[in-house]
Amino acid sequence: GAVVSQHPSRVICKSGTSVKIECRSLDFQATTMFWYRQFPKQSLMLMATSNEGSKATYEQGVEKDKFLINHASLTLSTLTVTSAHPEDSSFYICSAGKRESSYNEQFFGPGTRLTVL
Amino acid sequence: GQSLEQPSEVTAVEGAIVQINCTYQTSGFYGLSWYQQHDGGAPTFLSYNALDGLEETGRFSSFLSRSDSYGYLLLQELQMKDSASYFCAVRDLGAGANNLFFGTGTRLTVIP
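Residues numbered from 1 in each chain as written. Chains lettered and ligands numbered in written order. Predicted model: local features only at pLDDT ≥ 70, side-chain atom pairs only at ≥ 80, totals over all residues. Heavy atoms only, no water.

Caption draft 1: Representation of the overall build of chain A within the structure. When helices and strands are tallied, chain A shows zero helices and eleven strands. Walking chain A from its N terminus toward its C terminus, one meets helices and strands in the order β-β-β-β-β-β-β-β-β-β-β. Its C-alpha atoms give chain A a radius of gyration of 13 Å, near enough to 13 Å, the size a compact globule of 117 residues would have. The principal-axis extent of the C-alpha atoms belonging to chain A is close to 40 × 30 × 25 Å. Buried residues in chain A amount to 51% of all 117 residues. For chain A, the proportion of contacts with a sequence separation of at least 24, taken over those separated by at least 6, is 54%. Summed over all atoms, the accessible surface of chain A reaches about 5,800 Å², with 51% contributed by carbon and sulfur. Both charge centroids of chain A, one from 12 positive and one from 10 negative side chains, sit 5 Å from each other. (Helix = DSSP H or I, 4+ residues; strand = E, 2+ residues; numbered from the N terminus. Rg over C-alpha atoms; globule rule 2.2 N^0.38 Å. Buried < 20%, exposed > 50% of the residue type's maximum accessible area, 1.4 Å probe, protein only. Contact = heavy atoms within 4.5 Å. Areas by Shrake-Rupley, 256 points an atom, 1.4 Å probe, with all protein chains shown as cover. Lys, Arg positive; Asp, Glu negative; His and termini not counted. Charge placed at Lys NZ, Arg CZ, Asp CG, Glu CD.)

Caption draft 2: A look at the sheet that holds strand E7 (residues 67-73) of chain A. Residues and elements named next belong to chain A. An order of E1-E3-E8-E7 is seen for the four strands of this open sheet, with the pairing classed as antiparallel. Strands at the two margins of the open sheet, each flanked by one partner only, are strand E1 (4-7) and E7. The mean inter-strand angle of the sheet, taken between neighbouring strand axes irrespective of direction, is 15 degrees. Across four bridges, E1 lies against strand E3 (residues 19-25) in antiparallel orientation. Across the sheet, residue Val 4 finds its bridge partner in E3, namely Ser 25. (Pairing = 2+ DSSP bridges. Axes fitted to C-alpha atoms, helices over the stretch in contact; angles between N-to-C directions.)

Caption draft 3: Looking closely at the nonpolar core. Judged by nonpolar contacts, the single largest core of 34 residues is most densely connected at Leu32(B), Leu75(B), Tyr86(B), Phe102(B) and Leu108(B). Residue contributions to this core peak at six residues, all from strand E9 (residues 84-92) of chain B. Setting aside residues up to four positions removed in sequence, Leu32(B) forms contacts with Leu4(B), Cys22(B), Tyr24(B), Ser47(B), Tyr48(B), Asn49(B), Leu64(B), Gly71(B), Cys88(B), Ala89(B) and Val90(B). Ile21(A), Leu79(A), Val81(A) and Val116(A) belong to the second-largest nonpolar core, a separate cluster that totals 25 residues. (Core = buried A, V, L, I, M, F, W, Y, C linked by side-chain atoms within 4.5 Å.)

Caption draft 4: Broad picture of the pattern of salt bridges. Residues and elements named next belong to chain A. Taken as a whole and judged by the stated rule, the model has five salt bridges over all chains. Put simply, Arg 24 and Glu 22 hold a salt bridge, and the shortest N to O gap is 3.4 Å. For Lys 66, the salt bridge is made with Asp 88, and the minimal N-O distance between the two is 2.9 Å. A residue pair is termed long-range when its members are at least 10 positions apart, and Lys 66 in the loop between strand E6 (57-58) and E7 and Asp 88 in the loop between strand E8 (76-81) and strand E9 (90-97) qualify at 22 residues. (Salt bridge = Lys/Arg side-chain N within 4 Å of Asp/Glu carboxyl O.)

Caption draft 5: Focus on the sheet that holds strand E1 (residues 3-5) of chain B. Residue and element names in this part refer to chain B. Reading across the sheet, the five strands line up as E1-E3-E8-E7-E6 and stay open at both edges, with antiparallel pairing between neighbours. Edge positions in the sheet fall to E1 and strand E6 (53-57), since each has one partner strand and no second. Between one strand axis and the next, the sheet turns by 20 degrees as a mean value, whatever way the strands run.

Caption draft 6: Up close: the interface of chain B and chain A. Contact residues are listed per partner, giving 18 residues for chain B and 19 residues for chain A. Across the chain B-chain A interface, the total number found is zero salt bridges. There are three residue pairs in polar contact (both at pLDDT 80 or more) connecting chain B and chain A. Among the secondary structure elements, those contributing two or more residues to the side of chain B that touches chain A are strand E4 (29-37), strand E5 (44-49), E9 and strand E10 (100-102) of chain B. For the side of chain B that touches chain A, the per-class residue count stands at nine nonpolar, eight polar and one charged. (Polar contact = N/O pair within 3.5 Å; in protein donor to acceptor, adjacent residues only side chain to side chain. Nonpolar A, V, L, I, M, F, W, Y, C, P; charged D, E, K, R; others polar.)

The structure is reproduced here in structure tokens:
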């Protein structure tokens, strides 16, 4: 199997605080992980590609200083939303693929619902 | 850039067959995937097409025509639990072959 976990599943914070979301591949190594955000009833928007041991690659329009990504090991990537504001409230989902399946299938974490008051 | 279009909503009767279409535009096409997402849940992989033709996995089949930049997901013997959102997604060589870009999503409602 291929299991990806995220923590926390749900977080509520005050405006101006920072929130860290963890994404872990539990039974495989992931040199690359992906971070998405999803607004209610909308599609998943790729935010950035997290690369183990190197800097993340951000999609156009995503502020790298606001959404800090760290891929510290082959099984862990973190997304930190800095100085969160209400407009950052969203569903954040990570995913990873497996080299042996040529990355044809992405395995998604259960998501983190962020609410900024 | 990438753009993918799907119908926003589809309703079908339990036991019936439904087809969800997807048209796409990418700078470097590398494959078309389909994912299912129930409300509040994570997307789960259904199928992947890199070459033209039909891929069958149980009740679900997926078709791709690269010359038409078009694909579809076919769901047979619909069950109530199939009510969910379905997304097509492309891998784009130009943007990093492992990156997935998702379509707008089709909300399928299965009725008794």
